[in-house]
Amino acid sequence: MNMKTSLKFIILLISIFLICNCGMESDENEKKKRFALKANLPVDFITNQNLGDSLSVVEAKKRANSGEIIVINGFIGGRREPFTAGRASFILCDDSIKACDEIDTHHCPTPWDACCEDRKRILSSTISIQVLDEHTNLLRGTLKGVKGLKPGRKIKVLGTIDSQSIPPAMLLNAQQIELL
């Protein structure tokens, strides 16, 4: 390879690196923008008022039927990022699943993802929570950071089991959330 060809090759590699790097930065900026847009919820949607007796996620998946109104409890987690960017939904995990900081003394940066637990057990112990607008569409804006909602937060959710739900992939349309 002569000097001119080597120089062209190096310039090509640098150009590819810069293009790829710009795309990654743009993707990261886009993700931040989607999480920056917060869901606009009714005033009393998130409350400290007791929503009453509740079922665990595991109990709800065994007993609840489509269209049934229930109160369910757990913690926001089961995944590294349990909230959906740009949409009002998240994953609720059963309290029987232990966060990594409850199992081990290591300092996991995302203990709510429960990565120390068996993945199949986590999947069978989670439910998707979503907030619908007045037209029954998924509400725009993330719930992450709205009025105290964050990964690892223990909550109760009052809602209706979605008609498209099946026990392995249960979906709850939230009507109110209690912070515990």
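What comes next concerns the included structure. For every chain, the first residue of its written sequence is number 1, and the numbers climb from 1 along that sequence. Owing to the predicted nature of the model, reporting of local features is limited to residues with pLDDT of at least 70; listing and counting of side-chain atom pairs is limited to 80 or more, with chain, interface and lining totals taken over all residues. The basis for every side-chain value is the complete set of heavy atoms in the structure, and neither hydrogens nor water enter the calculation.

## Observations concerning the pattern of salt bridges
Then, number 1: When a carboxyl oxygen of Asp or Glu lies within 4 Å of a side-chain nitrogen of Lys or Arg, that pair is called a salt bridge. All told, the structure shown has three salt bridges when counted by the stated rule.
Then, number 2: Glu81 is the salt-bridge partner of Lys144, the closest N and O atoms lying 2.8 Å from each other. With Lys144 in the loop between β5 (126-130) and β6 (154-161) and Glu81 in the loop between β3 (69-76) and β4 (89-93), the pair connects residues that are 63 residues apart, well separated along the chain.
Then, number 3: The residue Lys154 makes a salt bridge to Asp95 at a minimum N-O spacing of 3.2 Å. A residue pair is termed long-range when its members are at least 10 positions apart, and Lys154 in strand β6 and Asp95 in the loop between β4 and α3 (100-103) qualify at 59 residues. Helix and strand labels come from DSSP, where a helix needs a run of H or I of at least four residues and a strand needs a run of E of at least two; each type is numbered from the N terminus.

## Considering the pairing of β3
Then, number 1: The element β3 is largely enclosed, with a buried count of seven among its eight residues.
Then, number 2: Pairs of strands are assigned from DSSP output, requiring at least two bridges between the strands. The sheet contact formed by strand β2 (residues 55-56) and β3 spans two bridges and is parallel. When the sheet's bridge partners are listed, Leu55 is paired in β3 with Ile72.
Then, number 3: For crossovers, right-handed means that the path from the first strand over the helix to the second runs clockwise, given strands pointing away from the viewer. This β-α-β element, β2 to helix α2 (residues 57-63) to β3, shows right-handed connectivity.
Then, number 4: As paired elements, β3 and β6 share seven bridges and run antiparallel to each other. Paired with Ile70 across the bridge in β6 is Gly159.
Then, number 5: Pairing geometry for β3 and β4, over two bridges, is antiparallel. Within β4, the residue paired with Ile76 across the bridge is Leu92. Throughout this description, buried means an accessible area under 20% of the type-specific maximum (1.4 Å probe, protein chains only), exposed means over 50%, and partly exposed covers the range between.

## Structural notes on the pairing of β6
Then, number 1: Summarising burial for β6: six of the eight residues are buried, a large majority.
Then, number 2: Summarising the sheet, β6 and strand β7 (residues 171-179) pair through seven bridges and their orientation is antiparallel. Bridged to Val157 within β7 is Ile177.

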